[in-house]
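Working through the structure, step by step
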Amino acid sequence: MALRCIHGSFLGECMVRGWMKELRQKWRTDDPLVIAEMEGVRVVFAEDERTDWDARLLRANEQWLLLVNKRQGDVRTKFAMAHELAHREIVLNTRRPPEAGDPEVERLCDVGAHELLFGESPPCDI
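Model, not experiment: these values are computed from the prediction.

Overview of the nonpolar core
- Counting residues in hydrophobic clusters, the biggest one holds 27 residues, and the most contacted among them are V16, M20, L66, I90 and L116.
- Every element with two or more residues in this core is listed here: helix 1 (13-27), helix 2 (32-38), strand 2 (55-60), strand 3 (63-69), helix 3 (74-93) and helix 4 (103-118).
- The contacts of I90, once residues within four sequence positions are left out, are L11, V16, W19, P98, V105, L108 and C109.

Focus: the pairing of strand 2
- Bridge analysis of strand 2 against strand 3 gives 6 bridges, and the strand direction is antiparallel. Residue pairing in the sheet places A60 in a bridge with Q63 of strand 3.
- The hairpin turn running from strand 2 into strand 3, its antiparallel successor, is 2 residues long, and N61 in that turn takes a positive phi close to 55°.

As for the environment of G18
- Structurally, the position occupied by G18 is in helix 1.
- What makes G18 partly exposed here is its relative accessible area of 27%.
- Spatially, the C-alpha atom of G18 lies 9.5 Å from that of L116, the residues being 98 residues apart in sequence.

A few points about unusual backbone geometry
- Of note in the backbone geometry, R28 takes a positive phi value of approximately 55° without being a glycine.
- Topologically, R28 is positioned in the loop between helix 1 and helix 2.
- Here N61, not a glycine, exhibits a phi torsion of approximately 55°, which is positive.
- When you line up the elements, N61 lands in the loop between strand 2 and strand 3.

A closer look at the pattern of salt bridges
- The tally for this structure, following the rule as stated, stands at 9 salt bridges.
- Between E115 and R17 there is a salt bridge, with the nearest N and O atoms lying 3.9 Å from each other. One end of the pair, E115, is in helix 4; the other, R17, is in helix 1, and 98 residues separate them in sequence. In this structure, E115 and R17 share a single accessibility class: buried.
- For E115, the salt bridge goes to R24, with nearest N and O atoms at 3.4 Å. Of the two residues, E115 sits in helix 4 while R24 sits in helix 1, which places them 91 residues apart along the sequence. Take E115 and R24: they sit in the same class, and that class is buried.
- What you see here is one network of salt bridges that share partners, running through K26, E39, R88 and E89.

A closer look at the packing of helix 3 against helix 4
- Put simply, helix 3 and helix 4 touch, their axes get as near as 8 Å, and they point 115° apart. In this structure, the crossing between helix 3 and helix 4 has a hand that is right-handed. The residues of helix 4 that touch helix 3, namely those facing K78, F79, A82, H83, L85, A86, H87 and I90, are V105, E106, L108, C109, D110, G112, A113, H114, L116 and L117.
- Residues that form the contact of helix 3 with helix 4 fall into these classes: 11 nonpolar, 4 polar and 3 charged.

Rules of the game
Residues numbered from 1 in each chain as written. Predicted model: local features only at pLDDT ≥ 70, side-chain atom pairs only at ≥ 80, totals over all residues. Heavy atoms only, no water. Core = buried A, V, L, I, M, F, W, Y, C linked by side-chain atoms within 4.5 Å. Buried < 20%, exposed > 50% of the residue type's maximum accessible area, 1.4 Å probe, protein only. Helix = DSSP H or I, 4+ residues; strand = E, 2+ residues; numbered from the N terminus. Contact = heavy atoms within 4.5 Å. Pairing = 2+ DSSP bridges. Salt bridge = Lys/Arg side-chain N within 4 Å of Asp/Glu carboxyl O. Axes fitted to C-alpha atoms, helices over the stretch in contact; angles between N-to-C directions. Left-handed = near helix turned anticlockwise from the far one by under 90°. Nonpolar A, V, L, I, M, F, W, Y, C, P; charged D, E, K, R; others polar.

Just geometry here; none of it tells us what the structure is for.
Right, here's the structure in full:
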């Protein structure tokens, strides 16, 4: 089932890229750690060799927590954090949270992470 944004449009690449571009411009940085902290997301670095994930985003009530696997390299860590911030934007901007592991949502979060970190996407016709 296609996800709808809070204003009624279907969720797509251009919307996700736009949200991530707004974050980058709002905080004048492409550093996902700085953006997370400025947005009030608590970031915790974990070091556990049994962990099979790069980063996880959790929400309890209105508090967001971003768990980051410290054992990854810097580039992978930044991308994983940006990817999770894209998940947050999707949750904040859709009528209902998407199902965990939805392949289309994961792809859109990769697009959003790329936009946040590199900002090289061509303009969208919305």
